[in-house]
Each structure stands twice: as C-alpha cells, then as structure tokens.
Amino acid sequence: MRPKKNIVHLPVYKPGKPMEEVKRELGLTDVIKLASNENPFGCSPKAKEAIIAHVDQTSIYPDGGAVELTAAIAEHFNVETNQVIFGAGSDEIIMMLARAFFEPGDQTIMAETTFPQYKHNAEVEGAVCVEVPLKDGAHDLPAMLAAINGRTKIVWLCNPNNPTGTMHSHNEVAEFLQQVPPHVMVVLDEAYAEYNVSGEYPDSVGLVNQYKNVIILRTFSKIYGLATLRIGYGIGHPDVIRSINQVREPFNTTGFAQKAALAALQDKQFITDCREANAEGIRYLTGELDRLNVSYYPAHGNFIMVDVQRSGAAVFESLLRKGIIIRHDSGWKLPTMIRVTVGSQEQNEKFIGALEQVLDEVAVGV
Ligand SMILES: *Cc1c(COP(=O)(O)O)cnc(C)c1O
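Residues numbered from 1 in each chain as written. Predicted model: local features only at pLDDT ≥ 70, side-chain atom pairs only at ≥ 80, totals over all residues. Heavy atoms only, no water.

## Some words on the sheet that holds strand β10 (residues 303-307)
And step 1. Spatially, the three strands line up as an open sheet ordered β9-β10-β12, and their pairing is antiparallel. Either end of the sheet is taken by a strand with one partner, and the two such strands are β9 (295-296) and β12 (337-341).
And step 2. Strands β9 and β10 of the sheet are contacted by helix α11 (residues 268-291), whose axis makes an angle of about 10° with β10. (Pairing = 2+ DSSP bridges. Helix = DSSP H or I, 4+ residues; strand = E, 2+ residues; numbered from the N terminus. Contact = heavy atoms within 4.5 Å. Axes fitted to C-alpha atoms, helices over the stretch in contact; angles between N-to-C directions.)

Quick look at the structure:
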C-alpha cells in the first residue's frame, strides 16, 4: 500500500489537550481554555431548543440540500439560493474548494502566517503553495498580487487574519480585487466577520456580486457558538458554487447542525450581545496589556495576538501550569507571540493575573 506522494510529508492534526487531561496531569481543579476562539457564552438558547426538538429524527438522513437553511442565508444576505453552499464547518468548504479547483502543479497563494487549512488542503491536491510573509501582522497585498502567475488558481485572504487578528478594510480588499486577473479565485475567509465593530469591514457580498471570482467563507463555529455541530457556509457566484457542489458529499451537514444554525441565525440579539461583550473584552485586555507593557496586533476578531517578548512556547507552558490554555504555534514563525481568545470578563481577568506572574517568571528573549 502506498498513499499518494504529496500527503506523505503532511503532519497529522494535533488537537489541543482536552481540559480534563490538563486538569489531571497538573492536579488543577480550575482550567480555562482561551485557545480555540470559541464563544465563551455558548450558543443561543433558541439553537439549543432546536437541537432538542430534533432529537427524535436521528434515524432520518438530513436534508442533503439544506433547503430551509439555504433560503434563510440567501435572504439574510440578499443573494440567490444558488450562491450558497454549506460544509461541515468552513473547513470542509476549504477542502472542497481545493478538491474542485486544484490540479497537481497549480499554484496558490496565502500568507505565511495564517489559517493552516489552506496550505494543508492545497498540498493534498498537489498544488504548489506560495507563502507570502505578513507585513505588520497583516497580509502583504501588493506582494500577494505580485506572486500571481498563469498557474495561480486561488489566493486566500483570511480577514480578520487568524492568528494575528488584523483586518483589511473594504477599500483595501476592493482595490486588491480590481487587480486580480479573472482566472484567479479569491477566497475571503470571514470566520470572525460578525465580531467586527470597526465600521470599515468589507461589504463582501457586494464584492461577490461585482466579481465572479470571489467567494466568502463564514461559519457557525465562532460567534454563533455551534463549533461542535460542524457547519459553515460559502457565498459566491452560482458557477463556483456549482463546482463545489459537484465534489460535495451528499449528506455533509447534519440535521442537528442545520436546525441549530437556522435558529441561531434568527436570534439576532444573542449575536449583538456577544459582539458587544467581545468588544468590551478587547478594551479590557488591551488596556491591561498596555499596563503590562507588552504589545499586540490590532484585534478585529475574538482573539488577540500578543508579543510577550519572551519565548511564546515558554509562556504557553507557564500559563498552562496556572490552568490557562492559550495558543502558541511554531508554524507561525513568530516565536515571541501568543494568541489568546477573548473570554468572559472573569476569564479575561484570570488570564491577565496569570500573565502578569508569568512575565515575571520567564526571562525576556527567546
Ligand atoms: C475557525 C476558523 C475556520 C473554520 O471553522 P469551522 O469550524 O470549520 O467552520 C475557518 N477559518 C478560520 C480563519 C477560522 O479561524
């Protein structure tokens, strides 16, 4: 048996340690996880009710076309139903895009420090990845444009960028798209769009209507608090959506996910409340980080990337010992950075208290 050549080098995804294991290993009773950009307030109570109401339907296959949810999303964004596609998380849409568009030897462009699934799925399909270093924590859009060639199939823009949290405004993205040739698709991954309070966030649906080669990815895993149900969606030109549908598994999203997502979409108050609490959390955290004299990138999602001026790996370990799980990844190529998810006020205060101690314990430098 021999797997295909281009997957042999790929690492198997390492999930974060489960909280129960961290508690047991370190003898802690109280552990908080600010590592995966999950919603600290859970999901809308209406989504929970929808899940419970569906519990007698477990033996029935889900609606493979997600008809009701498609109609709701189309109405929400004022697009046609044939412009919408669902995936088992937007992760699956990234996979389906790669599967539908890449042939071995095609080229694709992404930031050097961004969501890892673009590169991962491109490599599975044998595409050649050009990773463009960030500039001040944000995509270097001119350098990404300059990397486009005749074999470029997809450019990935993560906005806000995970892990740095930086955002490109409507004008920046529009100016970028104006210069992208029509044979190149631009994926706007907007997993954190609903958190944005800047007033300058792209009108990406407007951009989809203007440019056939643009697709937006959104998810119910972040502000909607449905990460365990695995559901996300894409909005694009009907031809692009059709291509993705051609490689989609027939029942890729569950009935529970569809019902919960529909209810969650309708509970606008819950989303407004979460957005406001998150903005307040960012104000609190950045104020405290200023007091501790550490810098951070402008945060436009529900997480902050902090330059601890020390080994990010060492700070991660020290925080873990105090029962706080954050994130550091050597793959970021930013050795002094940690990423912390904005939690509840109580969690944020615990994080700051622990970080203050850790900055005393861990020596400056890497
Ligand atoms: C969390 C995240 C996703 C996908 O999440 P799903 O749970 O698969 O919907 C996609 N892109 C970015 C940038 C993310 O942070």
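## A closer look at the environment of E190
And step 1. Secondary-structure assignment places E190 in the loop between β6 (185-189) and α8 (204-210).
And step 2. Look at E190 and you get buried, because its relative accessible area is 1%.
And step 3. The residues contacting E190, other than those within four sequence positions of it, are N159, Y201, S204, I216, L217 and R218. (Buried < 20%, exposed > 50% of the residue type's maximum accessible area, 1.4 Å probe, protein only.)

## Structural notes on unusual backbone geometry
And step 1. For the peptide bond that leads from N159 to P160, omega is -5°, which places it in the cis range.
And step 2. For P160, the position within the fold is in the loop between β5 (152-158) and α7 (170-179).
And step 3. Omega for the peptide link from N162 to P163 comes to 20°, which places this bond in the cis form.
And step 4. Its location among the elements puts P163 in the loop between β5 and α7.
And step 5. In this structure, N37 is a non-glycine residue whose phi angle is positive, near 55°.
And step 6. Classification of N37 as buried rests on a relative accessible area of 0%.
And step 7. In this structure, Q309 is a non-glycine residue whose phi angle is positive, near 60°.

## A closer look at the domain arrangement of the chain
And step 1. Annotation of the chain at the domain level lists domain 1 (19-42 + 269-361) and domain 2 (45-267).
And step 2. The C-alpha-based centres of domain 1 and domain 2 are spaced at 26 Å.
And step 3. At the boundary of domain 1 with domain 2, total buried surface from both sides reaches about 2100 Å², with 61% on carbon and sulfur atoms.
And step 4. On the domain 1 side of the interface with domain 2, the three residues burying the most area are I271, H300 and F303, jointly 29% of the side's total.
And step 5. Here domain 1 is connected to domain 2 by one salt bridge.
And step 6. The shortest N-O distance in the salt bridge between E112 and K333 comes to 3.8 Å.
And step 7. Where domain 1 touches domain 2, the interface holds eight residue pairs in polar contact (both at pLDDT 80 or more).
And step 8. Taken together, the elements giving at least two residues each to the side of domain 1 that touches domain 2 come down to α11 and β10.
And step 9. Among the elements that make up the side of domain 1 that touches domain 2, the one with the highest residue count is α11 (seven residues). (Domains from an automatic or database assignment. Buried area = accessible area lost by both parts, 1.4 Å probe. Salt bridge = Lys/Arg side-chain N within 4 Å of Asp/Glu carboxyl O. Polar contact = N/O pair within 3.5 Å; in protein donor to acceptor, adjacent residues only side chain to side chain.)

## Observations regarding the site of the ligand
And step 1. Inspection of the region around the ligand gives 13 residues, with S90, Y192, T219, S221 and K222 positioned closest.
And step 2. At 2.6 Å, a side-chain N or O of Y192 approaches an oxygen atom of the ligand.
And step 3. Residue R230 places a side-chain N or O atom 2.7 Å away from an oxygen atom belonging to the ligand. (Near = heavy atom within 4 Å.)

## Quick word on the UniProt feature "domain: Aminotransferase class I/classII large" (unreviewed entry) in the chain
And step 1. Feature annotation in UniProt places "domain: Aminotransferase class I/classII large" (unreviewed entry) on residues 29-355, given in this structure's numbering.
And step 2. Across residues 29-355, the secondary structure splits into 40% helix and 16% strand, with the terminal C-alpha atoms separated by 19 Å. (UniProt positions renumbered as here; feature names shortened; annotations may be inferred.)

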